[in-house]
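Fold and geometry: a report
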Amino acid sequence: SQQGEEDPQALSIQEGENATMNCSYKTSINNLQWYRQNSGRGLVHLILIRSNEREKHSGRLRVTLDTSKKSSSLLITASRAADTASYFCATEMNTDKLIFGTGTRLQVFP
Amino acid sequence: DTEVTQTPKHLVMGMTNKKSLKCEQHMGHRAMYWYKQKAKKPPELMFVYSYEKLSINESVPSRFSPECPNSSLLNLHLHALQPEDSALYLCASSLDGNYGYTFGSGTRLTVV
């Protein structure tokens, strides 16, 4: 089952620019998480935001959550070539049930 | 140790074979998961174990059989698979709902 949809599906930017990815989901959640995946291997957890939080920061990452619109956004500031990867939002609706969105493929050109 | 270790990294098996995927974590995490990911698609949840008990089975065909022998180890037994089962199989673990999941690097399975 798929809970979230992300847009854009693909994003190409130059190094130094900001990248914004959006995620929409369908049902009430406990928390929303963002993950990065390089070259189809394991996923790396980036940030978790709880349903009662509106904004969270971690280094160059900023995540917002709007539960009334059932949407979230991930902002990566001052992008680097090493940020090139697929980014997924994932929602935890019930305990231990983490469902991934469709993903955004980010390409950062040097 | 802050890793989830999956073996093997690659596996090619025939449709009549029986094989197993292994996943190990030593972080004291309570829950462990199996996900399946096809190319250019998001991971799909298959099974969840919590405190070594199967808590979620997302209607996975019986040719996939999970096993949790202890709190650190998770296996996925494979039998009579189909070519469409070829995918990246990801294992993950988590402590609780306040932290994210830790994923292994996956087993790339090809069924011939």
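Our structure is the block above this text.
First, a word on what this report is: a plain description of the structure on this page. What you see is a predicted model; the values in this text were computed from it and never measured. (Residues numbered from 1 in each chain as written. Chains lettered and ligands numbered in written order. Predicted model: local features only at pLDDT ≥ 70, side-chain atom pairs only at ≥ 80, totals over all residues. Heavy atoms only, no water.)

**A look at unusual backbone geometry**
Between Asp7 of chain A and Pro8 of chain A the backbone carries a cis peptide bond, its omega angle lying at 0°. Secondary-structure assignment places Pro8 of chain A in the loop between β1 (4–7) and β2 (10–14). Cis geometry marks the peptide bond from Thr7 of chain B to Pro8 of chain B, where omega comes out at -10°. In this fold, Pro8 of chain B is placed in the loop between β1 (4–7) and β2 (10–13). The backbone of Glu52 of chain B shows a phi angle near 70°, a positive value even though the residue is not glycine. For Glu52 of chain B, the location among the structural elements is in the loop between β5 (44–50) and β6 (53–57). (Helix = DSSP H or I, 4+ residues; strand = E, 2+ residues; numbered from the N terminus.)

**As for the pairing of strand β9 (residues 85–92) of chain A**
Residue and element names in this part refer to chain A. In terms of burial, β9 is a largely internal element, eight of the eight residues being buried. Of the two faces of β9, both are covered, the one formed by Ala85, Tyr87, Cys89 and Thr91 as well as the one formed by Ser86, Phe88, Ala90 and Glu92. Inspection of the sheet shows strand β4 (residues 31–37) paired to β9 by seven bridges, in the antiparallel sense. When the sheet's bridge partners are listed, Leu32 is paired in β9 with Thr91. Pairing geometry for β9 and strand β11 (residues 104–109), over three bridges, is antiparallel. Within the sheet, the bridge partner assigned to Ala85 lies in β11 and is Leu106. Strand direction decides the pairing type here: β9 and strand β10 (residues 98–100), joined by three bridges, are antiparallel. From the neighbouring strand, Ala90 faces β10, where its bridge partner is Phe100. Hairpin connection from β9 to β10: five residues lie between these consecutive antiparallel strands, with Asp96 at a positive phi of about 75°. (Buried < 20%, exposed > 50% of the residue type's maximum accessible area, 1.4 Å probe, protein only. Pairing = 2+ DSSP bridges.)

**Remarks on the pairing of β2 of chain B**
Residues and elements named next belong to chain B. Judged by which residues are buried, β2 turns out to be one-sided: Leu11 and Met13 face inward and are buried, whereas His10 and Val12, on the alternate face, are not. Pairing geometry for β2 and strand β11 (residues 107–111), over four bridges, is parallel. Pairing of His10 across the sheet is with Arg108, part of β11.

**What about the packing of aromatic side chains?**
Ring pairs (aromatic) are described by centroid distance and by the angle formed between their planes. Evaluation of the coordinates by the stated rule reveals nine aromatic pairs over all chains. Where Tyr33 of chain B meets Tyr101 of chain B, the ring centres are 4.4 Å apart and the plane angle is 25°; that geometry is what we call stacked. With a gap of 68 residues between them, Tyr33 of chain B in strand β4 (residues 31–37) and Tyr101 of chain B in the loop between β9 (87–94) and β10 (102–103) connect regions that are remote in the sequence. Owing to a relative accessible area of 2%, Tyr101 of chain B belongs among the buried residues under this scheme. Among the aromatic side chains, those forming a connected cluster through ring pairs are Tyr35, Phe88 and Phe100 of chain A together with Tyr33, Tyr35, Tyr101 and Phe103 of chain B. (Phe/Tyr/Trp six-rings, centres within 6.5 Å; stacked < 30°, edge-to-face > 60°.)

**What to know about the environment of Leu32 of chain A**
Residue and element names in this part refer to chain A. Relative to the helices and strands, Leu32 is located in strand β4. For the pair Leu32 and Thr64, spaced 32 residues apart in the sequence, the C-alpha separation amounts to 9.9 Å. Contact partners of Leu32, with chain neighbours within four places excluded, come to Cys23, Tyr25, Ile47, Leu48, Ile49, Leu65, Ser72, Cys89, Ala90 and Thr91. (Contact = heavy atoms within 4.5 Å.)

**Brief notes about the side chain of Asn75 of chain B**
Secondary-structure assignment places Asn75 of chain B in strand β8 (residues 73–79). Setting aside its immediate chain neighbours within four residues, Asn75 of chain B contacts Leu21, Lys22, Trp34, Ser65, Pro66, Glu67 and Pro69 of chain B.

Limitation: the analysis is restricted to geometry and does not speak to function.
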